[in-house]
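Geometric and topological summary
This is what each chain is made of:
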Amino acid sequence: MRKKKEPLLKIRSLTKKFNLQDGKKLTAVDNISFELYSGECLGIVGESGCGKSTIAKILTQLESVTSGNITYNNRDITHLKGEELRQNRRKVQMIFQDAAESFNPRMKIGHIVREPLLNFKLMNKRKAESEAKKLLAMVGLTEDFMGRYPHQLSGGQKQRVAIARAISLEPEIIICDEATSALDVSIQEQVIKLLMDLQKEKGLSYIFIGHDLAVVRNISQRIIVMYLGRIVEVIDSNRLTASAAHPYTKALLASVFSVNRENSTEIEIIEGEPPSPSDMPQGCGFSTRCKKCMDKCLKEKPELKEISTNHFAACHLFQE
Ligand code: SF4
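Here's what I pulled together on the structure shown here.

1. Re the packing of helix α4 (residues 125-138) against helix α5 (residues 155-168)
Orientation of α4 relative to α5, taken along the N-to-C sense of each, is 125°, at an axis distance of 9 Å. It follows from the interaxial angle that α4 and α5 lie oblique. The way α4 lies across α5 gives a crossing that is right-handed. Between α4 and α5, the residues in contact are Leu 135, Leu 136 and Met 138 and Val 161, Ala 164, Ile 167 and Ser 168, respectively. Its residues placed into classes, the contact of α4 with α5 shows six nonpolar, one polar and no charged.

So this is what it looks like as structure tokens:
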């Protein structure tokens, strides 16, 4: 059913390289392709340095691409500039891990929430003031937060303000980059519930990026697992525990679901550190840590292939 729909966002062969001081290049994102469908929450998970936050910055156009392209609503938005770029940012909003860093500490919360409405000249100051109150109510904050400063709010309250500001421009897509990672577990659950309620109410689509597979699985319908700038597995969340195939995904599962596993899926413990992204192995990027590594894995990079319906993996174990 999902495959028949036209994707809202289409990413094709996206690569991002950074120049290092020693003249080497660091490949943060290596030739990745994926789609986001309308009303979907797509999770992207992986260890720090796997390229997931670079993807978030590219999609919100805070970073340029080295090669590849991004299509939004069938329009190529890879190299937008000026007013076109500004208008596109209305539709693709981002919520960062530390929302407070993007707030001006001298501005009151009311001002912070209404600012985008005024910047885009969507309404006058009086209307924006009453809209800001409505937006705060939507994220569970009372009117008296309008007069408070960011430092007077808890971490969870600041993330709610960031969500209110992100939805103020009526975006279609919200990219949550580790948006709940800094919160205590109970607050994290509340913020995730809020995001899910808003998704239903407003028909939003999310890309939810995180390092915690359990959290990402709870909110997402589909999960992309990344390792060293490449996609290693794409799987529906409800099939993750029973059907994860890639040794890296299994290792991530082992670290989060080791106590209460739902079935007898074989799991493996991950050991060692990933290699430097500026000095990648010739074959599979996971070969230095993989217990199933074969000769072929040291020589050839595995391509991402469909191994069962809507389930993709990049591993030589499934490519014979
Ligand atoms: Fe392990 Fe080889 Fe698969 Fe890489 S390709 S994950 S080294 S089995």
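2. Digging into the pairing of strand β7 (residues 173-177)
A regular strand places its side chains so that they alternate between the two faces of the sheet. Taken across its five residues, β7 has five buried, putting it largely inside the fold. Residue alternation in β7 divides its side chains into two sets, Ile 173, Ile 175 and Asp 177 and Ile 174 and Cys 176, and both sets are buried. Sheet topology note: the strand β6 (residues 92-95)/β7 ladder contains four bridges and is parallel. In the sheet register, Val 92 faces β7, and the bridge partner there is Ile 173. The pairing of β7 with strand β8 (residues 205-210) spans five bridges and is classified as parallel.

3. Details of the layout of surface pockets
Once rolled over the atoms, a probe with the size of a water molecule shows which space is left empty. Of the pockets and cavities examined, the largest pocket occupies roughly 570 Å³. What lines the largest pocket is a set of 20 residues, and nearest its centre among them are Gln 93, Met 94, Phe 96, Pro 116 and Arg 165. Where the lining of the largest pocket is concerned, the elements lending two or more residues are α2 (82-91), β6, α3 (109-119) and α5. When residues in the lining of the largest pocket are grouped by element, the largest group, four residues, is from β6. Among the residues making up the lining of the largest pocket, the classes are represented as 12 nonpolar, four polar and four charged. Within this model, the second largest pocket holds a volume of roughly 450 Å³. Lining of the second largest pocket is provided by 22 residues; of these, Ser 33, Phe 34, Val 234, Leu 304 and Phe 312 occupy positions nearest its centre. Those elements giving two or more residues to the lining of the second largest pocket turn out to be β2 (25-36), β9 (222-227) and β10 (230-236).

4. Topic: the pattern of salt bridges
Tallied over the full model, the rule gives 15 salt bridges. Two residues, Lys 10 and Glu 6, come together in a salt bridge whose shortest N-O distance is 3.7 Å. A residue is classified by how much of its surface remains accessible, and Lys 10, at 24% relative accessible area, is partly exposed. You can call Glu 6 partly exposed: its relative accessible area is 48%.

5. Describing the side chain of Arg 114
Here Arg 114 shows up in helix α3. Judged by its relative accessible area of 12%, Arg 114 falls in the buried class. A distance of 2.6 Å separates a polar atom in the side chain of Arg 114 from a polar atom in the side chain of Glu 129. Excluding its chain neighbours within four sequence positions, the residues that come into contact with Arg 114 are Lys 125, Ala 128, Glu 129 and Ala 132.

6. Regarding the sheet that holds strand β1 (residues 9-19)
What links the strands of a sheet is backbone hydrogen bonding, and the strands pair in either a parallel or an antiparallel sense. Spatial ordering of the open sheet is given by β2-β1-β4-β5, a layout of four strands whose pairing is antiparallel. Each edge of the open sheet is held by one strand with a lone partner, namely β2 and β5 (75-76). Where β1 meets strand β4 (residues 67-72), five bridges bridge the pair, whose relative direction is antiparallel. Of the residues in β4, the one forming a bridge with Lys 10 is Thr 71.

Reading the values: rules and limits
- Once a new chain begins, its residue numbering starts again from 1 and follows that chain's sequence as written.
- It should be noted that, the model being predicted, local features are given only for residues of pLDDT at least 70 and side-chain atom pairs only at 80 or more, the latter also being counted only at that level, while totals for whole chains, interfaces and linings use all residues.
- Processing note: side-chain calculations cover all non-hydrogen atoms of the structure and skip hydrogens and water entirely.
- Convention adopted: a line fitted to C-alpha atoms gives each axis, helices being fitted over their contacting stretch, and angles between N-to-C directions are expressed from 0 to 180 degrees.
- Strands are runs of DSSP state E lasting at least two residues, helices are runs of H or I lasting at least four, and both sets are numbered from the N terminus onward.
- For this classification, under 35 degrees means roughly parallel, over 145 means roughly antiparallel, 65 to 115 means roughly perpendicular, and everything else is oblique.
- Should the near helix be turned anticlockwise from the far one by less than a right angle, the crossing is left-handed, and should it be turned clockwise, the crossing is right-handed.
- We call two residues contacting when some pair of their heavy atoms lies within 4.5 Å.
- Each residue gets one label: Ala, Val, Leu, Ile, Met, Phe, Trp, Tyr, Cys and Pro are nonpolar, Asp, Glu, Lys and Arg are charged, and the others, such as Gly, are polar.
- Note on exposure labels: buried denotes an accessible area under 20% of the residue type's maximum, exposed denotes more than 50%, and partly exposed covers the range between, all computed with a 1.4 Å probe on protein chains only.
- Each pair of strands is called paired provided DSSP finds at least two bridges between the two strands.
- Grid points spaced at 1 Å and placed over the protein atoms alone form the basis of the search, with a cavity being a set where a 1.4 Å probe fits but cannot get out and a pocket an open set showing protein on both sides within 12 Å along at least five of seven lines. Lining residues have an atom within 4 Å of a point.
- Grid points are joined across faces, edges and corners, and a volume is the space filled by probe spheres set on the points.
- Each reported salt bridge corresponds to a side-chain nitrogen of Lys or Arg within 4 Å of a carboxyl oxygen of Asp or Glu.
- Nitrogen and oxygen atoms within 3.5 Å of one another constitute a polar contact, given that in protein one can donate a hydrogen and the other can accept it, and given that sequence-neighbouring residues count only through two side-chain atoms.

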